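# Observations on the model geometry
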Amino acid sequence: AMNLASDPQVNGARFWVNSQEAHFRPEKYWPANSRIRVNLDLNGVQAGPNLWGGRAYQYDIEIGDERIARVDAASKQFSLIHNGETVATWPTSLGAEDFETRNGIYVVQSKTDEYRMTSCNAGIACDESDPEYYDVDTKFAVRLTNSGTFVHSAPWSEAAQGEENVSHGCLNLTEQRAKTYFQQARYGDVVEVVGSGRQPNDLVQRGDPGMVDWNRSWAEVLTLSATGEFTTDQR
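Quick caveat, the model's predicted, so the values are computed rather than measured.

### Quick word on the packing of aromatic side chains
Any pair of aromatic rings gets described here by the distance separating the centres and the angle formed by the planes. For the structure on display, the rule yields 8 aromatic pairs. Between Phe 78 and Tyr 181 the ring centres are 5.4 Å apart and the planes differ by 80°, which places this aromatic pair in the edge-to-face class. Pair noted here: Phe 78 is in strand β9 (residues 77-82) and Tyr 181 is in helix α1 (residues 175-184), with a separation of 103 residues, a long-range link. Residue class for Phe 78 comes out buried when judged on its relative accessible area of 0%. On the numbers, 4.9 Å between centres and 35° between planes, the contact of Tyr 115 with Phe 150 is tilted.

Okay, here's the thing in structure tokens:
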């Protein structure tokens, strides 16, 4: 009952993230400027005990230019790649030793001009006397995971950017660079992090939408799919 058509056509697979959410993942990133149509013919489809679909849905999606951020936690550099060309490389600061930023491929979830971040909400510390306690207002926050990983401005870490990883897991930039990234980032863009000692497995297993899709090998994705690999219809 769930079908995809695209131009150009791609190889991909569908898998269930949980009992209510299914994802389609191409084997590789969607080609730039792809056009996608999702058809959900759910009318009359049984979705559970005493639960039946009552209508059909159609969604059209357009993929724009290829925009990838590549971040190296070891060299502390944040690079922007547009359509295969590196257009900027900036110093950054990622998670400190006890709060390392996870390696892996993140997906941009949302953007907020101003965002209040607290250690209590992050599950780190709620006691103001704790040395890890923080309560800060950030600008140009681009959310990468539900667990609280962001790219955002961090004036307090500018001296460390490019030199030392000092954050609680977020990717810090100067305000102007954070604004530049914020303005060009789109939902679904990917951020690739390497060079860290921390892996993404826990968020993948939790089904965090920021990491669940691209941090499995293609072979593993196929083991999760009841229908296996297929090629999208021609849109």
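### A word on the side chain of Thr 149
In this structure, Thr 149 sits in the loop between β13 (135-143) and β14 (150-153). What makes Thr 149 buried here is its relative accessible area of 6%. Once you skip the residues sitting within four places of it in the chain, Thr 149 turns out to touch Tyr 106, Val 142, Arg 143, Leu 144, Gly 169, Cys 170 and Leu 171.

### Describing the sheet that holds strand β4 (residues 35-41)
Reading across the sheet, the 4 strands line up as β7-β4-β1-β18 and stay open at both edges, with mixed pairing between neighbours. Looking along the sheet, the strands with just one partner apiece sit at the ends: β7 (56-62) and β18 (233-234). Bridge count between strand β1 (residues 2-7) and β18: 2 bridges; the pairing is parallel. When the bridges of β18 are listed, Ala 5 appears paired with Asp 233.

### Some details on the sheet that holds strand β17 (residues 230-231)
Taken in spatial order, the 3 strands make up an open sheet running β3-β2-β17, and their pairing is antiparallel. The open sheet has two edge strands with one neighbour each: β3 (21-26) and β17. Sheet topology places strand β2 (residues 11-18) next to β3; 6 bridges connect them, and they run antiparallel. Note that in β3 the partner of Arg 14 across the bridge is Phe 24.

### Comments concerning the pattern of salt bridges
This structure, assessed with the given rule, holds 10 salt bridges. Between Asp 135 and Arg 116 there is a salt bridge, with the nearest N and O atoms lying 2.6 Å from each other. Within this pair, whereas Asp 135 is found in strand β13, its partner Arg 116 is found in strand β12 (residues 110-118), the two being separated by 19 residues in sequence. Where Glu 220 meets Arg 216, a salt bridge forms, and the shortest distance between an N and an O atom there is 3.5 Å. For Arg 216, a relative accessible area of 13% gives the class buried. Several salt bridges share partner residues, and in doing so they unite Arg 37, Asp 60 and Arg 235 into one network.

The rules behind these values
Residues numbered from 1 in each chain as written. Predicted model: local features only at pLDDT ≥ 70, side-chain atom pairs only at ≥ 80, totals over all residues. Heavy atoms only, no water. Phe/Tyr/Trp six-rings, centres within 6.5 Å; stacked < 30°, edge-to-face > 60°. Helix = DSSP H or I, 4+ residues; strand = E, 2+ residues; numbered from the N terminus. Buried < 20%, exposed > 50% of the residue type's maximum accessible area, 1.4 Å probe, protein only. Contact = heavy atoms within 4.5 Å. Pairing = 2+ DSSP bridges. Salt bridge = Lys/Arg side-chain N within 4 Å of Asp/Glu carboxyl O.

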